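Below are the chains, spelled out letter by letter.
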Amino acid sequence: MGRRRRQPSSPSPAAEHPLEDDDLLREILLRLPPQPPYLLRASLVAKRWRHIAIDPKFLHRFRTDHGKPPLLGDFSLQINGKLSFRSTLDLPYRIPPDHFSLQVNGREPWRLVDCRHGRVLLINSEMRQVIVWDPLTGDRSLLSAPPAFDDMHTAAVLCAAGEQGHAHGACHSSPFKVVVVDSCEHGDETVVFVSVYSSETGVWSDLLSTPLASMGIAVGNRSTLVGNTFHWLLLMSNNILEFDLDRQTLAVINRPPGVRSDDSAWIIQADDGGVGFSALSCAHCQYVYCYHQPCFQMWDRKANYYGVAVWVLRKSIGLQKLLGLGFKIERNWSHIVRYAEHVHALFLWVHSSLFIVQLESMQPKELFKSDPMYTYYPFTSFYDEGISGLKQK
Ligand SMILES: [Zn+2]
Ligand SMILES: [Zn+2]
């Protein structure tokens, strides 16, 4: 139990106030939203509030109680090799862009391919190198690609913390893993393979591989982690690549029926914690070029009566209606940019604007204007730098 200020022997009217009770105040502060300004503002109210807010035990519980870190902004890689940050917090709490910045150089260009659990991942296939960067601490790990890989189609990063009560979002001192994906062609089929790097052992795992049905299939930078299984959309294909980290199995599953390979799509988490799928499709026809407005659809993957996994359509809504726009949306002027697992939200580019759609509430919000090629990598993390500054005062 925490320290109580109330003196039972000499009660005063002011001491009867609930906020005079440290335990109660702690419980109230734990219920603040996880976005950076709230706890910082509360810590400025009084010395006693600050004393609670800077307590490492309180901060640990604040994170584990919330479970999911907030969205701070996004990273994108500029053509000059500068990794730039854009905060999407409300004014005046936006984090300045130069707070998190990284310059990557090399004779060949780097590619930004993933951002998860507070870490940013870049690869350079020509130089056969991988960078894992923690923007909050500035820690950077430079890895050599696995020896068996001629190329790297894409890669993904995740926190490997195994301790009980760990909340992803403050993973800085925790070990991490990197999964790289590549493919090669054998006869008339493509073989896709993966290898996993562990920062605990410092080595790459043996290769795991699986054949794909046809040639010319590539793995895009569209990874979604559901539980401990990665999913990638396969390009030029109607399939999804699944890599189960616990079972160490690699498999291929179908997309939902009716979703065309050229539809803008993303794998998401289903409401029950399983695998889901989202796409901007046409609900009226199957023509590649059509004049209908795009329809936003979501599916869940569930076991049917016979125990076979099938896709079940959960939602279908016109994109114009979903976003509440007063103009007709052109199909070529709308696509899914990315999905953020921790905030369970999709980012959609529609007619020069980037929208976020919270999938639980289906609430949309316009974030900013952008060009269609903008590579939005959402960055979610607990961030208590203002409070850390108070600690030193
Ligand atoms: Zn973690
Ligand atoms: Zn149509």
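Residues numbered from 1 in each chain as written. Chains lettered and ligands numbered in written order. Predicted model: local features only at pLDDT ≥ 70, side-chain atom pairs only at ≥ 80, totals over all residues. Heavy atoms only, no water.

1. Concerning the coordination of the zinc ion (ligand 1)
Piece 1. All of the protein donors around the zinc ion (ligand 1) are Cys-159 (SG), His-166 (NE2), His-168 (ND1) and Cys-171 (SG); their distances to the metal are 2.0 to 2.3 Å.
Piece 2. The site at the zinc ion (ligand 1) holds four donor atoms, and with the angles between them running 105 to 113°, its shape is tetrahedral.
Piece 3. Positions of the donor residues of the zinc ion (ligand 1), expressed as sequence spacing, correspond to C-x6-H-x1-H-x2-C. The two residues Cys-159 and His-166 agree in class, both being buried. (Donors = N, O, S within 2.8 Å, 3.2 Å for Na, K, Ca; no water. Tetrahedral: all angles 85-135°; square planar, octahedral: opposite > 155°, others 65-115°. Buried < 20%, exposed > 50% of the residue type's maximum accessible area, 1.4 Å probe, protein only.)

2. Brief notes about the pairing of strand E21 (residues 334-340)
Piece 1. With six of its seven residues buried, E21 lies for the most part within the structure.
Piece 2. Looking at chain direction, E21 and strand E22 (residues 345-350) are connected through six bridges and run antiparallel. Bridge pairing in E22 places Ala-340 opposite Ala-345.
Piece 3. What sits between E21 and E22 in their antiparallel hairpin is a turn of four residues, with His-344 showing a positive phi close to 45°. (Helix = DSSP H or I, 4+ residues; strand = E, 2+ residues; numbered from the N terminus. Pairing = 2+ DSSP bridges.)

3. Some thoughts on the UniProt feature "domain: F-box protein AT5G49610-like beta-propeller" (unreviewed entry) in the protein
Piece 1. Summarizing the sequence annotation, UniProt attributes the feature "domain: F-box protein AT5G49610-like beta-propeller" (unreviewed entry) to residues 112-369 in the numbering used throughout.
Piece 2. Taken end to end, residues 112-369 comprises 2% helix and 55% strand; its first and last C-alpha atoms sit 21 Å apart. (UniProt positions renumbered as here; feature names shortened; annotations may be inferred.)

4. Looking at the sheet that holds strand E7 (residues 140-144)
Piece 1. Taken together, four strands build an open sheet; the order of strands is E4-E5-E6-E7 and the sheet is antiparallel. The open sheet has two edge strands, strand E4 (111-116) and E7, and neither has a second partner. Within the sheet, the average angular offset between the axes of one strand and its neighbour, ignoring direction, is 20°. (Axes fitted to C-alpha atoms, helices over the stretch in contact; angles between N-to-C directions.)

5. Overview of the confidence of the model for the protein
Piece 1. Confidence in the prediction for the protein averages 87 pLDDT; 93% of positions are at 70 or higher.
Piece 2. Throughout residues 1-11 the model reports pLDDT below 50, and contacts reaching past four residues in sequence, or to other chains, amount to 14 contacts. (pLDDT = per-residue confidence, 0-100. Contact = heavy atoms within 4.5 Å.)

6. Re the UniProt feature "domain: F-box" (unreviewed entry) in the protein
Piece 1. According to UniProt, the positions carrying the feature "domain: F-box" (unreviewed entry) are residues 22-60.
Piece 2. As annotated, residues 22-60 has a helix share of 74% and a strand share of 0%, and its two end C-alpha atoms lie 17 Å apart.

7. A few points about the packing of helix H1 (residues 22-30) against helix H4 (residues 56-66)
Piece 1. Relative orientation of the contacting elements H1 and H4 amounts to 45°, with a least axis distance of 10 Å. The angle between the axes of H1 and H4 places the two elements in the oblique class. Judged by the sense of rotation from one axis to the other, the crossing of H1 with H4 is right-handed. Side by side, H1 and H4 meet where Arg-26, Glu-27, Leu-29 and Leu-30 of the first sit next to Phe-58, Arg-61, Phe-62, Asp-65 and His-66 of the second. (Parallel < 35°, antiparallel > 145°, perpendicular 65-115°, else oblique. Left-handed = near helix turned anticlockwise from the far one by under 90°.)

8. Overview of the pattern of salt bridges
Piece 1. Under the definition given, this model contains 14 salt bridges.
Piece 2. In this structure, Arg-61 engages Glu-27 in a salt bridge whose closest nitrogen and oxygen atoms are separated by 3.1 Å. Taken together, the residues Arg-61 in helix H4 and Glu-27 in helix H1 connect sequence positions 34 residues apart.
Piece 3. Note on Arg-61: relative accessible area 34%, which makes it partly exposed.
Piece 4. A relative accessible area of 26% places Glu-27 in the partly exposed class.
Piece 5. Where Arg-314 meets Asp-271, a salt bridge forms, and the shortest distance between an N and an O atom there is 3.1 Å. With a gap of 43 residues between them, Arg-314 in strand E20 (residues 309-318) and Asp-271 in the loop between strand E17 (264-269) and strand E18 (275-281) connect regions that are remote in the sequence.
Piece 6. Each of Glu-27, Arg-31, Arg-61 and Asp-65 takes part in a single network of salt bridges with overlapping partners. (Salt bridge = Lys/Arg side-chain N within 4 Å of Asp/Glu carboxyl O.)

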